[in-house]
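Below, each chain spelled out in residue letters.
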Amino acid sequence: MMKPELSWLDDPQTFRVNQLPAHSDHRFYQSDTDLATGQSQLTQTLDGTWQFKFAKQPSERPVGFYAPDYDHSDFDTITVPEHMEIAGYGRLKYINTTYPWEGKIYRRPAYALGKDQKGAGMFSDGEDNYVGAYLRTFTLDPALRQQQRIVVQFDGVEEAMYLWLNGQFVGYAEDSFSQSEFDLTPYLQDSENLIAVEVFKRSTAAFIEDQDMFRFSGIFRSVRLVGEPAIHVQDMRIIGNLADDLTTGDFSLKLKLNCQPNVNGTVKVSITDADGNGLFDVTKAANDEVEINHQMFPNVHLWQHTDPYLYQLKVTVQDEQGKVIEIVPYKFGFRRVEMKNKIMLLNGKRIILNGVNRHEWDAKSGRVISIEDMKQDLKTFKENNINAVRTCHYPNRIDWYYMCDEAGIYMMAENNLESHGTWQKMGAVEPSYNVPGSLSEWREAVVDRARSNYEVFKNHTAILFWSLGNESYAGDDIAAMNAFYKDHDDTRLVHYEGVCRNRAYEDQISDMESMMYDPPKEIEKYLTNNPKKPFVDCEFMHDMGNSLGGMSSYDELIDKYPMYQGGFIWDFIDQAIETKDEVTGQTVLRYGGDFDDRHSDYEFSGDGLMFADRTPKPALQEVKYYYGKHIN
Amino acid sequence: MANTSTKQVQIIYGDATLGLRGEGFGYIFSYERGGMESLVQHGKEWLYRTPKPTFWRATTDNDRGNGFSVKSAQWLGTDMFLKCTGAAVAVNDQPIDLPISPENNQYSDHEFADHVTITFTYETLTVPVTTVTVAYTVNGNGDIKVGVAYHGKTGLPELPAFGLRFIMPTVAKGFNYDGLSGETYPDRMAGGEKGHYTVDGLPVTKYLVPQECGMHMQTAQATVIRNRTLDNTDHANHDFNLTFKQNGQPFAFSCLPYTAEELENATHIEELPTPRRTVFAIFGAVRGVGGIDSWGADVEQQYHVSAEEDHSFSFVIQGV
């Protein structure tokens, strides 16, 4: 058995240990009845109350707490999902570009200033690296107990986690915003099981997760067990493209099955339209891979913002006796994204992005957001003619992608990557210790983030663009992320803002010219100067406080320059924390610096079209007006 | 103003003030206080302190980011400490000697006119100095035509705003107006839809850091509704109104419980004092809010307010 090492926190080359490979986010059900309820019997939630012990730094943590015979009598409790800071353990903190240890600890990323600078102890012995020890018991639900493999899924843990089951080490994960999965089968007991997670606030991931946001930690998204049947759809790739005539659907499907030895069966693939009329039906032997290639459907109903029509794919796995053992539903649309004459097209038409950048936010719970929050955001999108979202600057809750498919929201699906603290110094570009840069030691960590983003979300019709990350400068490592997408997906385009920061890489990191906050006149200069690529404002109209004046100057570019394809307003919702006023007790919203958190960027987190409590700012009517001029 | 009224306004040539009365109204203009001191309609007082020209807006995040407040800081001092340097009176458009004692001994207790104009001159606390005049013309219906004129001066920094600020004695119940929906600024009003709007209370837009807010551009008419006075004998709580109407061009206004300075000093909305007054400011020039970024980008040039050029505006406070 592998021994967990604290030094992994210091090593950018160790970012996943014993994690299962990322795969598509399809949901699977045991039967049609199961499917009809929408609640899979093959999943068991581990959300709720966990036992919890907080330690201010690694040296104070309860070593060995994962052992069943450890004395947990002094443990507190915490809710999963919840940030440790919202729960009152860690101090709330907001900072934009500089690292959260600014002015307190001197740190340079491992290897950034020399091969010999390995950063030993930087985080594993970091005095600011607080630790949450999470613990709970569970007994497998009967339906799961009958399955072949039991996997645990962590949808989001910030920023590094070690996992044990029944005292045995299972694995390690970084990448706070991607799902981490581990196979628990070898360690399970029939009776009660003890699952233990040790969450560290910091690891080398801290250097590449420097997003402009409140800095949280802990298990902040759901945790669940899933039971995989003897034949299980491990991964699926659905492609609903269009032929050149733009009316014929070009459908391909690739299933990767996880088949137990000596288990045979069949896989039935069917497609129905939104009214339930069958389009396609085929049954194949259940092999490790099942493929359907370029199945053509004439006159398909296209998917687009104004008419987000989805077809229903259904994969039914049956055993030799014909008994259904797994059903995988997935809704997908037919649409075609392409670059033609330097203009990005959807279904042959020029794309105009009436977009917003959206951090996941809830004033009461931070980045722990509810389905209700997401529904309300989509309602706001619809009411204000917002047709696109950039998942700034990390993968969002999985449900959001399904909801955007249904709502017809064009997604720029961004990786969890931001390292502006390593190259933006008080406004100046100074990349002397930039990571990932071209450092080989950091490459796999960031390519893995690209891989996770792709593998999990690849079937979402709404995603038109992958985005490599935000404000991380440019180098070979980001070029390698782009290469990953180019190797795996020819149905979408790739975006990266850093294209304008280091022109040496401009042909290797973004299909479009992307800038943030360029004044309209500067954009016009680009557009009138023999531009190489179409232009997208990945961030514009900085809506901090009372702002959003002058939008007409951007709007005018749309009609004037076909290669200007709109952009994403910064941003959708203020980040501020709802709390009680220490003087009056009234409910108030607080921002950076209000928690004695220093160094801070104070109110700079309040740039939304919505206030943090999801009420609209007055400027929203202006967005509705201008975005309403180019509904597409 | 065209004299369409057959009613006459009575003039009280006081020693410290000029009183103008009529049926259902009584106005007092103070030479000492440098402006209109009392505006009573139907027995209800509408002024807490004399209205003064206003030049400042509570710094927006964009203003802070691009250094506008620093560049234009002189206007903050002027907004707070503006001094009145003169008053002049005209009766039926004929200027008269300033009717203070003993000059006013020539008048009687029954002096009437079609209309009377009193003009106050204010001097800014800027380098260089310039002046602003505010002229009130009152007729027998109690209509007050107000003309506000700023005299541009080379070398002065751009204006955050230019208007006339009324501070009313109690918090209004609300207001209504004919203009654009929502909060609008010169560079952010395309989305405002024309209509008649009613606003309950005096909402302060809850920006994380309190700042300039609540502007309504392109307004034809605004009515403030109150139901309380400071008069210890007045126990009524029925609604009473005061209406501001455009005179030629539409105006911009905001109706808040705070002055720009009060907003300026708070870092959170909960730090603002308990609302006690109504601050109704009516503007002839408003600077845009900008939006390109919040760390340096300027407001687009056409939405600046030059202090080197003249600005004037006019409106009518409706009589009884």
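Residues numbered from 1 in each chain as written. Chains lettered and ligands numbered in written order. Predicted model: local features only at pLDDT ≥ 70, side-chain atom pairs only at ≥ 80, totals over all residues. Heavy atoms only, no water.

Q: Whenever I open this one, the overall build of chain B confuses me. Can you help?
A: Within chain B, the regular secondary structure consists of four helices and 21 strands. The C-alpha radius of gyration of chain B comes to 20 Å, within 12% of the 20 Å expected for a compact globule of 320 residues. Taking the contacts inside chain B whose residues are at least 6 apart along the sequence as the reference set, 68% of them involve residues at least 24 apart. Total accessible area on chain B stands at roughly 13000 Å², and carbon and sulfur atoms take up 48% of it. The average position of the 23 basic charges and that of the 37 acidic charges among the side chains of chain B differ by 4 Å. (Helix = DSSP H or I, 4+ residues; strand = E, 2+ residues; numbered from the N terminus. Rg over C-alpha atoms; globule rule 2.2 N^0.38 Å. Contact = heavy atoms within 4.5 Å. Areas by Shrake-Rupley, 256 points an atom, 1.4 Å probe, with all protein chains shown as cover. Lys, Arg positive; Asp, Glu negative; His and termini not counted. Charge placed at Lys NZ, Arg CZ, Asp CG, Glu CD.)

Q: Looking at this model, I keep getting lost on the packing of aromatic side chains. Mind explaining?
A: We describe a pair of aromatic rings using the distance from one ring centre to the other and the angle between the two ring planes. Counted under the stated rule, the structure contains 77 aromatic pairs over all chains. Aromatic side chains Trp466(A) and Tyr485(A) sit 5.1 Å apart centroid to centroid with 20° between the ring planes, which places their arrangement in the stacked category. Of this pair, Trp466(A) sits in strand E33 (residues 463–467) while Tyr485(A) sits in helix H7 (residues 476–488), and the two are 19 residues apart along the sequence. There is no split in this pair, since Trp466(A) and Tyr485(A) are both buried. Sitting above the plane of the Trp46(B) ring, Arg226(B) keeps its charged end 4.6 Å from the centroid. In this structure, Arg277(B) is placed above the aromatic ring of Tyr48(B), and the distance from its NZ or CZ to the ring centre is 3.8 Å. (Phe/Tyr/Trp six-rings, centres within 6.5 Å; stacked < 30°, edge-to-face > 60°. Buried < 20%, exposed > 50% of the residue type's maximum accessible area, 1.4 Å probe, protein only. Lys NZ or Arg CZ within 6 Å of the ring centre and 35° of its normal.)

Q: Whenever I open this one, empty space enclosed by the protein confuses me. Can you help?
A: Over the atoms, a rolled probe matching the size of one water molecule traces out where space is still vacant. Residues and elements named next belong to chain B. Inspection of every chain in the model, using the stated rule, returns eleven cavities of 30 Å³ or more. Elements with a contribution of two residues or more to the lining of the largest cavity: strand E19 (251–256), helix H4 (260–264) and strand E20 (278–286). The element contributing the most residues to the lining of the largest cavity is E20, with three residues. (1 Å grid on protein atoms, 1.4 Å probe; cavity = no way out; pocket = protein on both sides within 12 Å on 5 of 7 lines; lining within 4 Å. Points joined across faces, edges and corners; volume = space filled by probe spheres on them.)

Q: Help me understand helix H5 (residues 398–407) of chain A, please; the structure alone is not making it clear to me.
A: The periodicity of an α-helix, 3.6 residues per turn, causes residues three or four positions apart to be oriented the same way. Most of H5(A) is tucked away: eight of the ten residues are buried. Every buried residue of H5(A) is accounted for by Ile398(A), Asp399(A), Trp400(A), Tyr401(A), Tyr402(A), Met403(A), Cys404(A) and Asp405(A).

Q: In this structure, what is going on with the interface of chain B and chain A? I would like to understand it.
A: Many descriptions give the size of an interface as the accessible area lost when the pieces come together. If you look at the interface, chain B gives 34 residues, while chain A gives 39 residues. Of the roughly 2800 Å² buried where chain B meets chain A, counting both sides, 54% is carbon and sulfur surface. Between the two partners, chain B and chain A, sit three salt bridges. With a closest N to O distance of 3.9 Å, Arg64(B) and Glu603(A) form a salt bridge. In this structure, the connection of chain B to chain A is made through 24 residue pairs in polar contact (both at pLDDT 80 or more). Partitioned by chemical class, the residues of the side of chain B that touches chain A number ten nonpolar, 14 polar and ten charged. (Buried area = accessible area lost by both parts, 1.4 Å probe. Salt bridge = Lys/Arg side-chain N within 4 Å of Asp/Glu carboxyl O. Polar contact = N/O pair within 3.5 Å; in protein donor to acceptor, adjacent residues only side chain to side chain. Nonpolar A, V, L, I, M, F, W, Y, C, P; charged D, E, K, R; others polar.)

Q: Looking at this structure, how should I read the nonpolar core?
A: Most often, soluble globular proteins have nonpolar side chains that are buried together. Membership of the largest hydrophobic core comes to 166 residues, with the highest contact counts inside it found for Met236(A), Phe251(A), Leu255(A), Leu313(A), Val315(A) and Ile569(A). Top element by residues in this core is helix H6 (residues 440–457) of chain A. It accounts for seven residues. Aside from chain neighbours lying at most four places away, what touches Val315(A) is Val233(A), Met236(A), Leu255(A), Val267(A), Lys268(A), Val269(A), Glu326(A), Ile327(A) and Val328(A). By size, the runner-up hydrophobic cluster in this structure holds 60 residues, among which are Phe175(B), Val224(B), Phe244(B) and Ala260(B). (Core = buried A, V, L, I, M, F, W, Y, C linked by side-chain atoms within 4.5 Å.)

Q: Whenever I open this one, the pairing of strand E21 (residues 311–317) of chain B confuses me. Can you help?
A: Strand residues, when the strand is regular, have side chains that alternate between the two faces of the sheet. All names here are of chain B. E21 sits mainly inside the fold: six of its seven residues count as buried. The pairing of strand E12 (residues 144–150) with E21 spans seven bridges and is antiparallel. Within E21, the residue paired with alanine 149 across the bridge is serine 312. Here three bridges tie strand E18 (residues 240–246) to E21, and the two strands are oriented antiparallel to one another. When the sheet's bridge partners are listed, phenylalanine 244 is paired in E21 with isoleucine 317. (Pairing = 2+ DSSP bridges.)

Q: Before we go on, may I ask you to explain the layout of surface pockets in this structure?
A: Each pocket or cavity is described by its volume, and for the largest pocket that value is around 1100 Å³. Considering the residues around the largest pocket, the lining is formed by 44 residues, among which Asn96(A), Thr97(A), Gln424(A), Gly427(A) and Asp601(A) are closest to the centre. Mapped by element, the contributors of at least two residues to the lining of the largest pocket are strand E31 (424–425) of chain A together with helix H1 (61–66) of chain B. Among the elements that make up the lining of the largest pocket, the one with the highest residue count is H1(B) (three residues). Considering only residue class, the lining of the largest pocket consists of 16 nonpolar, 14 polar and 14 charged. Estimates place the volume of the second largest pocket at around 810 Å³. Counting only elements with at least two residues in the lining of the second largest pocket, the list comes to strand E2 (43–45), strand E15 (223–228), strand E16 (231–242) and H5 of chain A.

Q: What am I meant to see in a nonpolar patch on the surface here?
A: Side chains of Met80(B), Phe81(B) and Leu125(B) sit close together on the surface and give an oily, nonpolar patch of about 310 Å² of accessible area. Its location among the elements puts Phe81(B) in helix H3 (residues 74–81). (Patch = residues over 30% accessible without salt bridge, like charges linked within 9 Å, V, L, I, M, F, W, Y side chains within 5 Å.)

Q: Whenever I open this one, the sheet that holds strand E26 (residues 343–346) of chain A confuses me. Can you help?
A: Where strands meet in a sheet, backbone hydrogen bonds hold them as pairs that are either parallel or antiparallel. All names here are of chain A. In space, the three strands of this open sheet follow the order E25-E26-E27, with antiparallel pairing throughout. In this open sheet, the two edge strands, each paired with only one partner strand, are strand E25 (337–340) and strand E27 (349–350). Both E26 and E27 contribute to a ladder of two bridges, which runs antiparallel. Bridge pairing links leucine 346 to lysine 349 in E27.

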